[in-house]
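Residues per chain are reported as follows:
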Amino acid sequence: MTTDADAAQRPSAEVVVTATGCSEEAARVLLDVLERAFPASSAEGVALEPGPHGAATVWCTTVDAADPPRTTERVRLDGTVDIGLQGGPRAVDRVVAALADTFVVDRRGTVSGDQEKEVDLLIRSV
C-alpha cells in the first residue's frame, strides 16, 4: 500500500504541453507525434483562448512520460511552434527527446525546481 508521503516522493511522469503561435494543423501534427511517442497518453488536445475570428491561440495536452518515448518518424510542420513543457525533470526530458527525434528543437529557456522543470522550446521541420 502506498502512502501519500510515498506518492509525493515519486517523480511525476505527467508533462503539461502547451503549444502557441501555430495553426490548428500544426497543433494536430504535434499531438499526433506525442500520441505515437507516448501511447499511454491520450494526447487529446484542448484549444484554449479563442483569438480573432475564433482561431485557437493556445493548445494544451497532458502526456504520460513514465516510459521512454517510442521513436517517431520526422513529419512536416507548416511553420514554427512555441512549446512549453512543465512536469517532473525526467518526464520533461523524455518529451524533449521525443520532439528532437521528430523536429528541429531550439531550447529557449529552462527553469528547474526541486521536483519540477519548465522548458520553453521552438520546434520546426527539418
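Structural data are supplied above this passage.
Our subject in this report is the structure included herewith. Computed from a prediction, not measured in an experiment: that's the story for all the values here.

## Some points on the overall build of the protein
Helix and strand content of the protein: three helices and six strands. Sequence-ordered secondary structure for the protein, helices as α and strands as β, is α-β-α-β-β-β-α-β-β. Within the protein, buried positions represent 34% of all 126 residues. Carbon and sulfur atoms make up 48% of the accessible area of the protein, which amounts to about 7400 Å² in all.

## Some points on the nonpolar core
By size, the foremost hydrophobic cluster in this structure holds 29 residues, and its most contacted members are Val15, Val81, Ile83, Leu85, Val95 and Leu99. Among the elements of the structure, strand S1 (14–20), helix H2 (24–37), strand S3 (56–64), strand S4 (81–87), helix H3 (89–102) and strand S6 (117–124) are those that each provide at least two residues to this core. In terms of residues, this core owes the most to one element, H2, which gives seven residues. Once residues lying within four places of it in the same chain are set aside, the contact partners of Val81 are Ala19, Thr20, Cys22, Ala26, Leu121, Leu122 and Ile123.

## Details of the packing of H2 against H3
Interhelical geometry of H2 versus H3 gives an angle of 115° and a closest axis separation of 10 Å. Both H2 and H3 take part in a crossing whose hand is right-handed. Facing H2, whose interface residues are Leu30, Val33, Leu34 and Ala37, H3 presents Val95, Ala98, Leu99 and Thr102. Across the contact of H2 with H3, the residue classes tally to seven nonpolar, one polar and no charged.

## Some points on the pairing of S6
Looking at chain direction, S4 and S6 are connected through seven bridges and run antiparallel. Residue Gln86 lies in a different strand from S6, and its bridge partner there is Glu118. Taken together, the eight bridges between strand S5 (residues 104–112) and S6 define a ladder with antiparallel strand orientation. In the strand pairing of S6, Val111 is matched with Glu118. Between S5 and S6, which follow one another and run antiparallel, lie four residues.

## A word on H2
Over its 14 residues, H2 runs 20 Å from end to end, which matches the ideal 20 Å to within 8%, given 1.5 Å per residue. All buried positions along H2 are accounted for by Ala26, Ala27, Val29, Leu30, Leu31, Val33, Leu34 and Ala37.

## Focus: the environment of Gly87
Locating Gly87 in the fold gives a position in strand S4. Judged by relative accessible area, Gly87 falls into the buried class, the value being 6%. Sequence separation between Gly87 and Val119 is 32 residues, and the spatial gap between their C-alpha atoms is 9.2 Å. With residues near it in sequence (within four places) discarded, Gly87 still touches Glu14, Val92, Gln115, Glu116 and Lys117.

## Some details on the environment of Ala40
Examined against the element boundaries, Ala40 turns out to sit in the loop between H2 and strand S2 (46–50). For Ala40, a relative accessible area of 62% corresponds to the exposed category. Through-space distance from the C-alpha of Ala40 to that of Ala65 is 8.1 Å; in sequence the pair is 25 residues apart.

Calculation rules
Residues numbered from 1 in each chain as written. Predicted model: local features only at pLDDT ≥ 70, side-chain atom pairs only at ≥ 80, totals over all residues. Heavy atoms only, no water. Helix = DSSP H or I, 4+ residues; strand = E, 2+ residues; numbered from the N terminus. Buried < 20%, exposed > 50% of the residue type's maximum accessible area, 1.4 Å probe, protein only. Areas by Shrake-Rupley, 256 points an atom, 1.4 Å probe, with all protein chains shown as cover. Core = buried A, V, L, I, M, F, W, Y, C linked by side-chain atoms within 4.5 Å. Contact = heavy atoms within 4.5 Å. Axes fitted to C-alpha atoms, helices over the stretch in contact; angles between N-to-C directions. Left-handed = near helix turned anticlockwise from the far one by under 90°. Nonpolar A, V, L, I, M, F, W, Y, C, P; charged D, E, K, R; others polar. Pairing = 2+ DSSP bridges. Expected span 1.5 Å × (residues − 1).

Structural measurements only, silent on function.
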